[in-house]
Structures are given as structure tokens and as C-alpha cells.
Amino acid sequence: MLIAPAINEGFGRVLVECMLSKIPFIARKSGAFTEIITNKKNGLMAETESEFCEITLEYLKTTKKSQKNKILKNAKDSARKLYNLDNFIKLIKPIYDGI
């Protein structure tokens, strides 16, 4: 499990890598993380230090593998959709061609 407490993260590449690898994480509810994560759908988010602790303990205690697996699957699916190389090329190529 990865814990990402950074405030105002610029992009969140590590979270995207976790999502694609189906590694559970808890991220700070701020910055780019809020653009990438929908809390409890494709990842877990916290705002305070105590909330990070509570969510981590709750996640580790949960024996409902189906609930954990659903979040990890949603994470991987959304990361594949949003951060697909073909999509980036379609967006970036016109910019480079215009230079």
C-alpha cells in the first residue's frame, strides 16, 4: 500500500503507476490527486493526518476482498483510459506539428 500525503501535488504520476499496477493507495485530497481520484471509487483519499491513519487501518482490517478488488479494478480501468499513450499522441502531436 502506498500513502501519498503530499499537498498540492503537481501531477500524481506515482498514483497513476499504482493504479495501472493495481497497488492500493491513500492520497491527499488536494492538488492533482483530486483530478485523478474519485474517493472510494478508484482510490482512497484523506485530508488530515488522523484521517490517513483511520483510512489505512480501516482498509487493512477490511476482509471484503471484493470491495478492495473493485476499487483496484476501477483504478486500473480509469488510468488506462485517461493515460493511454495513443490519446497523448493525438493531443500532443498537433502541438509539435504547429511549432
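The preceding data block contains the structure.
Scope of this entry: the structure provided in the associated data block. (Residues numbered from 1 in each chain as written. Predicted model: local features only at pLDDT ≥ 70, side-chain atom pairs only at ≥ 80, totals over all residues. Heavy atoms only, no water.)

**Observations regarding the packing of helix H1 (residues 13–21) against helix H4 (residues 65–82)**
Where H1 meets H4, the axes come as close as 7 Å, and the angle between the chain directions of the two elements is 115°. Crossing geometry of H1 relative to H4 is assigned as left-handed. Of the residues in H4, those touching H1 at Val16, Met19 and Leu20 are Leu72, Ala75, Lys76, Ser78, Ala79 and Arg80. (Axes fitted to C-alpha atoms, helices over the stretch in contact; angles between N-to-C directions. Helix = DSSP H or I, 4+ residues; strand = E, 2+ residues; numbered from the N terminus. Left-handed = near helix turned anticlockwise from the far one by under 90°. Contact = heavy atoms within 4.5 Å.)

**Details of empty space enclosed by the protein**
Tallied over the entire structure, the rule returns one cavity of 30 Å³ or more. Its boundaries defined by the atoms lining it, the largest cavity holds a volume of some 60 Å³. Lining the largest cavity are Ile23, Pro24, Phe25, Asn42, Gly43, Leu44, Tyr59, Ile71, Leu72 and Ala75. Counting residues per element, the lining of the largest cavity draws most heavily on H4, at three residues. Split into classes, the residues belonging to the lining of the largest cavity amount to eight nonpolar, two polar and no charged. (1 Å grid on protein atoms, 1.4 Å probe; cavity = no way out; pocket = protein on both sides within 12 Å on 5 of 7 lines; lining within 4 Å. Points joined across faces, edges and corners; volume = space filled by probe spheres on them. Nonpolar A, V, L, I, M, F, W, Y, C, P; charged D, E, K, R; others polar.)

**Quick word on the sheet that holds strand S3 (residues 44–46)**
The strand order S1-S2-S3 describes an open sheet built from three strands, whose pairing is parallel. Of all the strands in the sheet, the pair left with one neighbour each is strand S1 (2–4) and S3. Along the sheet, successive strands turn relative to each other by an average axial angle of 20°, direction set aside. Here three bridges tie strand S2 (residues 25–28) to S3, and the two strands are oriented parallel to one another. In the strand pairing of S3, Ala27 is matched with Met45. Strands in contact with helix H3 (residues 49–61) are S1, S2 and S3; relative to S3, the strand with the most contacts, it is inclined by about 150°. (Pairing = 2+ DSSP bridges.)

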